[in-house]
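Structural features, examined
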Amino acid sequence: MMSPLVLAQHVTKWYGPRRAVTDVSFGIDEGEIVGLLGPNGSGKSTIFRMLTGYLVPTSGRIEVGGHDVVTDSLSVRRLISYVPEDAPLYDHMRVGEFLHFMANLRGLRGTAAKAAVDQAAERLDLTRVMTLLTAKLSRGFRQRVSIAQALLGTPRVLVMDEPTSGLDPHQVIGVRDLIRSLARSHTVLIASHILPEIEKIASRVMILLDGTLLTADALKGKSEETVLRLAATAPEATVRGVVSAVAGVRDLTVEADAGSGARHYLIRAEPRASLAADIVAALVGAGVAVSELNEARPDLERVFLDLTRQSSRGAA
Ligand SMILES: Nc1ncnc2c1ncn2[C@@H]1O[C@H](COP(=O)(O)OP(=O)(O)OP(=O)(O)O)[C@@H](O)[C@H]1O
């Protein structure tokens with residue numbers, strides 16, 4: 001059997017007296033797109049920094065392509081590329097200059113550097129902006145430049161931190177398609193705190209909570225509840241008041257903002273037949289425009305919400 005391309009075994013990381021990652025183990029096979037899902041502060045960036053050799057695990061070991069990230073970090077850095085969340089570009093550089101600079105940092109010179117830059121620019125549709133200052137780019141283009149630099153030197157593994165955060169819906173779709181197309185030639189690991197986003201891109205999701213990776217066992221047997229996703233245009237307090245009064249509704253949380261008018265909510269309730277119809281009737285009766293009400297699909301979402309709610313209570 002082939003061993004996984006990325007292998008973490010019992011990895012723990014302490015920052016001084018604070019434990020950020022606890023006994024995390026996983027394997028990622030060549031060609032997978034894996035999502036690492038966890039709320040802010042759950043340890044995603046810490047795991048990524050250890051994978052890419054920028055932080056040393058306090059205990060446990062990580063291998064990429066059979067190379068230990070600590071004792072053989074140079075080989076690992078050739079195999080793995082990191083796309084950080086806030087695309088740190090050098091604002092005084094033009095896009096083309098920046099990509100050449102990054103190609104040189106990866107050890108590419110002369111025609112090899114030029115070929116790599118041209119190829120990445122073409123793949124990310126950057127040829128039109130190569131002479132612009134990176135400071136002048138839109139958020140979507142900055143993200144594409146950041147992904148382009150990560151592709152230089154043809155790494156086998158791409159690690160991306162919240163790759164669609166801060167993008168408009170159009171750009172989000174573009175970046176998602178791009179990541180899917182990259183997956184043909186790369187193994188991709190994506191961190192996010194938004195489950196619906198991860199589910200759209202990843203073929204598999206790992207959930208991280210307070211530094212601990214949940215096992216498949218922790219994801220079973222939690223479905224005593226219906227979760228509905230609602231999109232409605234009205235003040236949150238109004239929606240909350242109306243929905244909470246419907247029989248069986250336990251809880252309403254605001255989901256990531258869609259950006260355009262309607263706000264998205266998740267409603268948790270006791271399962272019963274006319275629940276959705278009752279909620280719509282109540283909202284419409286109160287003059288609230290409902291643009292969407294669906295059952296939130298996977299159990300995973302429920303489990304994630306339950307668990308993150310418990311853990312944020314624990315932290316409070
Ligand atoms: N350099 C550091 N020194 C001390 N504590 C740190 C350091 N970096 C992170 N932490 C702590 O470790 C925990 C995990 O942080 P980490 O940044 O890995 O989480 P995350 O899931 O990536 O969060 P976010 O999505 O907000 O980036 C947090 O409690 C954080 O405060």
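Residues numbered from 1 in each chain as written. Predicted model: local features only at pLDDT ≥ 70, side-chain atom pairs only at ≥ 80, totals over all residues. Heavy atoms only, no water.

**Describing the domain arrangement of the protein**
The domain boundaries assigned to the protein delineate domain 1 (6-218) and domain 2 (222-295). When each unit is reduced to the centre of its C-alpha atoms, the spacing between domain 1 and domain 2 is 35 Å. (Domains from an automatic or database assignment.)

**Describing the site of the ligand**
As a structural note, the neighbourhood of the ligand is formed by Tyr15, Arg18, Ala20, Pro39, Asn40, Gly41, Ser42, Gly43, Lys44, Ser45 and Thr46. With respect to the ligand, the side chain of Asn40 contributes an N or O atom lying 3.2 Å from an oxygen atom. Within the side chain of Ser45, one N or O atom sits 2.6 Å away from an oxygen atom of the ligand. In isolation the ligand has 630 Å² of accessible area, and contact with the protein removes 64% of it. Broken down by secondary-structure element, the contributors of at least two residues to the shell around the ligand are strand S2 (18-28) and helix H1 (44-51). (Near = heavy atom within 4 Å. Polar contact = N/O pair within 3.5 Å; in protein donor to acceptor, adjacent residues only side chain to side chain. Areas by Shrake-Rupley, 256 points an atom, 1.4 Å probe, with all protein chains shown as cover. Helix = DSSP H or I, 4+ residues; strand = E, 2+ residues; numbered from the N terminus.)

**Digging into helix H6 (residues 169-182)**
Compared with an ideal rise of 1.5 Å per residue, which puts 14 residues at 20 Å, H6 spans 20 Å between its outermost C-alpha atoms and is within 8% of the ideal. Sitting at the head of H6, Asp168 places a side-chain oxygen 3.0 Å from the backbone nitrogen of His170. (Expected span 1.5 Å × (residues − 1).)

**Things to note about the packing of aromatic side chains**
For the structure shown, the criterion picks out one aromatic pair. Relative to Tyr82, the ring of Phe48 has its centre 6.2 Å away and its plane inclined at 90 degrees; by these criteria the two rings are edge-to-face. Remark: Tyr82 occurs in strand S6 (residues 80-83) and Phe48 occurs in helix H1; sequence separation between them is 34 residues. A relative accessible area of 0% means that Phe48 is categorised as buried. (Phe/Tyr/Trp six-rings, centres within 6.5 Å; stacked < 30°, edge-to-face > 60°. Buried < 20%, exposed > 50% of the residue type's maximum accessible area, 1.4 Å probe, protein only.)

**Points about the packing of helix H3 (residues 95-105) against helix H5 (residues 139-151)**
Interhelical geometry of H3 versus H5 gives an angle of 30 degrees and a closest axis separation of 9 Å. Put simply, H3 runs roughly parallel to H5. In this structure, H3 crosses over H5, and the sense of that crossing is right-handed. Contacts between H3 and H5 involve Val95, Phe98, Leu99 and Met102 from the former and Val145, Ala148 and Gln149 from the latter. Partitioning the contact of H3 with H5 into residue classes produces six nonpolar, one polar and no charged. (Axes fitted to C-alpha atoms, helices over the stretch in contact; angles between N-to-C directions. Parallel < 35°, antiparallel > 145°, perpendicular 65-115°, else oblique. Left-handed = near helix turned anticlockwise from the far one by under 90°. Contact = heavy atoms within 4.5 Å. Nonpolar A, V, L, I, M, F, W, Y, C, P; charged D, E, K, R; others polar.)

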